[in-house]
Amino acid sequence: MDDFHALLTYCAAGVIALIVALCRSTIANVPPTVRLRILDAIICAAGAVAVCIVAGNHFPELFTHGDGVAVAFTFGYLGAGRLSDFAVSFARKKLGGSES
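Remember, it's a predicted structure, so these values are computed and weren't measured experimentally. (Residues numbered from 1 in each chain as written. Predicted model: local features only at pLDDT ≥ 70, side-chain atom pairs only at ≥ 80, totals over all residues. Heavy atoms only, no water.)

K.L.:
How should the packing of aromatic side chains be read in this particular structure?
P.N.:
Aromatic ring pairs are described here by two measures, namely the spacing of the ring centres and the angle between the planes. All told, the structure shown has two aromatic pairs when counted by the stated rule. Aromatic side chains Phe73 and Tyr77 sit 5.9 Å apart centroid to centroid with 10 degrees between the ring planes, which places their arrangement in the stacked category. Of this pair, Phe73 and Tyr77 both sit in helix 3 (residues 67-95), four residues apart, which is roughly one turn of the helix. The class for Tyr77 is partly exposed, based on a relative accessible area of 47%. Both rings, one in Phe86 and one in Phe90, keep their centres 6.1 Å apart while their planes meet at 20 degrees; by these two values the pair is stacked. (Phe/Tyr/Trp six-rings, centres within 6.5 Å; stacked < 30°, edge-to-face > 60°. Helix = DSSP H or I, 4+ residues; strand = E, 2+ residues; numbered from the N terminus. Buried < 20%, exposed > 50% of the residue type's maximum accessible area, 1.4 Å probe, protein only.)

This is the structure:
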């Protein structure tokens with residue numbers, strides 16, 4: 001039964017991130033086309049599910065089922081573009097590279 005609850009948490013995180021990303025991009029009108037908004041939302045949903053799976057597998061004592069909602073909302077609200085920019089700048093700082 002615990003695996004079923006984990007699966008529901010991951011699916012819920014993906015759906016929440018998808019909905020939040022679509023709403024955010026529609027309100028902001030960025031990206032400019034509906035096709036790009038849907039693709040951005042799919043990337044956000046996949047990212048939220050991936051982070052929830054990693055957190056659930058590696059930190060089961062810290063990650064609860066309710067944390068998936070917070071992860072999903074964050075991914076959906078920030079969007080794929082901002083998250084990738086953050087990840088690249090974070091990696092450059094950690095690897096000692098210069099930003100260009």
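K.L.:
Which parts of the structure should I look at to understand the packing of helix 1 (residues 2-28) against helix 2 (residues 34-58)?
P.N.:
Pairs of packed helices are described in terms of their axes, by the angle between the two and the distance that separates them. For the pair helix 1 and helix 2, interaxial distance at closest approach is 8 Å and the crossing angle is 145 degrees. In the crossing of helix 1 with helix 2, the sense of the turn from one axis to the other is right-handed. Residues that form the contact of helix 1 with helix 2 fall into these classes: 15 nonpolar, five polar and three charged. (Axes fitted to C-alpha atoms, helices over the stretch in contact; angles between N-to-C directions. Left-handed = near helix turned anticlockwise from the far one by under 90°. Nonpolar A, V, L, I, M, F, W, Y, C, P; charged D, E, K, R; others polar.)

K.L.:
How should I be thinking about the nonpolar core in this particular structure?
P.N.:
Nonpolar side chains in soluble globular proteins tend to end up buried together. In terms of nonpolar packing, the biggest core is built from 12 residues, these being Ala6, Tyr10, Ala13, Ala17, Ala45, Ala48, Cys52, Ala55, Phe63, Val71, Ala72 and Phe75. Looking at this core, the elements with two or more residues in it are helix 1, helix 2 and helix 3. (Core = buried A, V, L, I, M, F, W, Y, C linked by side-chain atoms within 4.5 Å.)

K.L.:
Before we go on, may I ask you to explain the confidence of the model for the protein chain in this structure?
P.N.:
Close inspection of predicted coordinates is inappropriate for parts of the model with low pLDDT. Averaged over the protein chain, the pLDDT score is 89; the fraction of residues at 70 or greater is 95%. When pLDDT is averaged over each element of the protein chain, helix 2 comes out on top at 93 and helix 3 at the bottom at 90. (pLDDT = per-residue confidence, 0-100.)

K.L.:
Help me out: how do you make sense of the environment of Leu83 in this one?
P.N.:
Topologically, Leu83 is positioned in helix 3. In this structure, the C-alpha to C-alpha distance between Leu83 and Cys44, residues 39 residues apart in sequence, is 8.8 Å. Once residues within four sequence positions are removed from consideration, Leu83 is found in contact with Phe75 and Leu78. (Contact = heavy atoms within 4.5 Å.)

K.L.:
I'm lost on the pattern of salt bridges in this one. Help?
P.N.:
Side chains that carry opposite charge are capable of pairing whenever their charged atoms lie near each other. In the structure shown here, the tally under the stated rule is one salt bridge. Note that Arg24 is salt-bridged to Asp40, the shortest N-O span being 2.7 Å. Taken as a pair, Arg24 in helix 1 and Asp40 in helix 2 lie far apart in primary sequence, 16 residues in all. (Salt bridge = Lys/Arg side-chain N within 4 Å of Asp/Glu carboxyl O.)

K.L.:
Is there a simple way to explain a nonpolar patch on the surface in this structure?
P.N.:
A surface patch of nonpolar side chains, about 410 Å² in accessible area, is lined by Val34, Leu36, Ile38, Leu39 and Ile42. By the secondary structure assignment, Ile38 is in helix 2. In this structure Ile38 comes out as partly exposed when scored by relative accessible area, which is 40%. (Patch = residues over 30% accessible without salt bridge, like charges linked within 9 Å, V, L, I, M, F, W, Y side chains within 5 Å. Areas by Shrake-Rupley, 256 points an atom, 1.4 Å probe, with all protein chains shown as cover.)

K.L.:
Whenever I open this one, the packing of helix 2 against helix 3 confuses me. Can you help?
P.N.:
Interaxial distance between helix 2 and helix 3 falls to 8 Å at its minimum, and their mutual angle equals 145 degrees. In this structure, helix 2 meets helix 3 at a crossing whose hand is right-handed. Between helix 2 and helix 3, the residues in contact are Asp40, Ile43, Cys44, Gly47, Ala48, Val51 and Cys52 and Gly68, Val71, Ala72, Phe75, Gly76, Gly79, Ala80 and Gly81, respectively. Taken together, the residues of the contact of helix 2 with helix 3 sort by class into nine nonpolar, five polar and one charged.

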